[in-house]
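Chain residues, written in single-letter form:
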Amino acid sequence: IVVVLVLTAFRGSSNSLAASSNYILIEIYEIPSYPDRGVHIHYGNNKREFIPFPGMEVEHHDEAGDITLAAINKLVADGYQIESTAAGLAQSGMITKVFMRKK
């Protein structure tokens, strides 16, 4: 009986891991002092994409917005939809997290 319970428990956890693979995480770092400022897309299984911002000076504000929107629009076109977002201030800048799920 114990073996059956253990095997069932592992099978259930693998199903939940497979279901969670439909999610991705986008982190947007708008922190002037952070060297990797930009859009970080985490697909899971160590697959990532990084789109850097050119700078955080006022003259690059619109360009950073365009980069962020282009990344999100590309993912929407790939079949993802926004599930939730969160943002907060950090080191004189902003970090935004966007969770997306495959439709």
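A quick note: this is a predicted structure, and the numbers were derived from the prediction, not measured. (Residues numbered from 1 in each chain as written. Predicted model: local features only at pLDDT ≥ 70, side-chain atom pairs only at ≥ 80, totals over all residues. Heavy atoms only, no water.)

**Overview of the confidence of the model for the protein**
Phase 1: Mean pLDDT over the protein stands at 84; residues scoring 70 or higher make up 81%.
Phase 2: Within the model, pLDDT remains below 50 along residues 1–19, and this stretch shows 0 contacts once partners closer than five positions in the same chain are excluded. (pLDDT = per-residue confidence, 0-100. Contact = heavy atoms within 4.5 Å.)

**With respect to the nonpolar core**
Phase 1: One finds Ile24, Ile26, Val39, Ile41, Leu75 and Met100 to be the most contacted residues of the largest nonpolar core, which totals 15 residues.
Phase 2: Elements that contribute at least two residues to this core include exactly strand S1 (23–30), strand S2 (38–44), helix H2 (61–77) and strand S5 (93–102).
Phase 3: Looking at this core, the element that brings in the most residues is H2, giving 5 residues. (Core = buried A, V, L, I, M, F, W, Y, C linked by side-chain atoms within 4.5 Å. Buried < 20%, exposed > 50% of the residue type's maximum accessible area, 1.4 Å probe, protein only. Helix = DSSP H or I, 4+ residues; strand = E, 2+ residues; numbered from the N terminus.)

**Structural notes on the packing of aromatic side chains**
Phase 1: This model, assessed by the stated rule, comprises 1 aromatic pair.
Phase 2: In this structure, Lys47 packs its charged tip against the face of Tyr43, placed 4.9 Å from the ring centre. (Phe/Tyr/Trp six-rings, centres within 6.5 Å; stacked < 30°, edge-to-face > 60°. Lys NZ or Arg CZ within 6 Å of the ring centre and 35° of its normal.)

**Remarks on the sheet that holds S2**
Phase 1: Spatially, 5 strands are ordered S3-S2-S1-S5-S4 in an open sheet, and the strand pairing comes out antiparallel. Unpaired on one side and paired on the other, strand S3 (47–52) and strand S4 (80–90) mark the two borders of the sheet. Sheet twist, expressed as the mean angle between neighbouring strand axes with direction ignored, is 15°.
Phase 2: The pairing of S1 with S2 spans 5 bridges and is classified as antiparallel. (Pairing = 2+ DSSP bridges. Axes fitted to C-alpha atoms, helices over the stretch in contact; angles between N-to-C directions.)

**What about the environment of Gly88?**
Phase 1: Note on placement: Gly88 falls in strand S4.
Phase 2: For Gly88, a relative accessible area of 29% puts it in the partly exposed group.
Phase 3: When neighbours within four sequence positions are excluded, Gly88 is seen to be in contact with Gly93, Met94 and Ile95.

**Observations concerning the pattern of salt bridges**
Once their charged atoms are close, side chains differing in charge can pair, the charge on each being opposite to the other.
Phase 1: One pass over the structure, following the stated rule, counts 3 salt bridges.
Phase 2: Residue Lys74 pairs with Glu49 through a salt bridge whose shortest N-O separation is 3.2 Å. Remark: Glu49 occurs in strand S3 and Lys74 occurs in helix H2; sequence separation between them is 25 residues.
Phase 3: Looking at Lys74, the relative accessible area reads 37%, which means it is partly exposed.
Phase 4: Note that Arg101 is salt-bridged to Glu83, the shortest N-O span being 2.9 Å. Of the two residues, Arg101 sits in strand S5 while Glu83 sits in strand S4, which places them 18 residues apart along the sequence. (Salt bridge = Lys/Arg side-chain N within 4 Å of Asp/Glu carboxyl O.)

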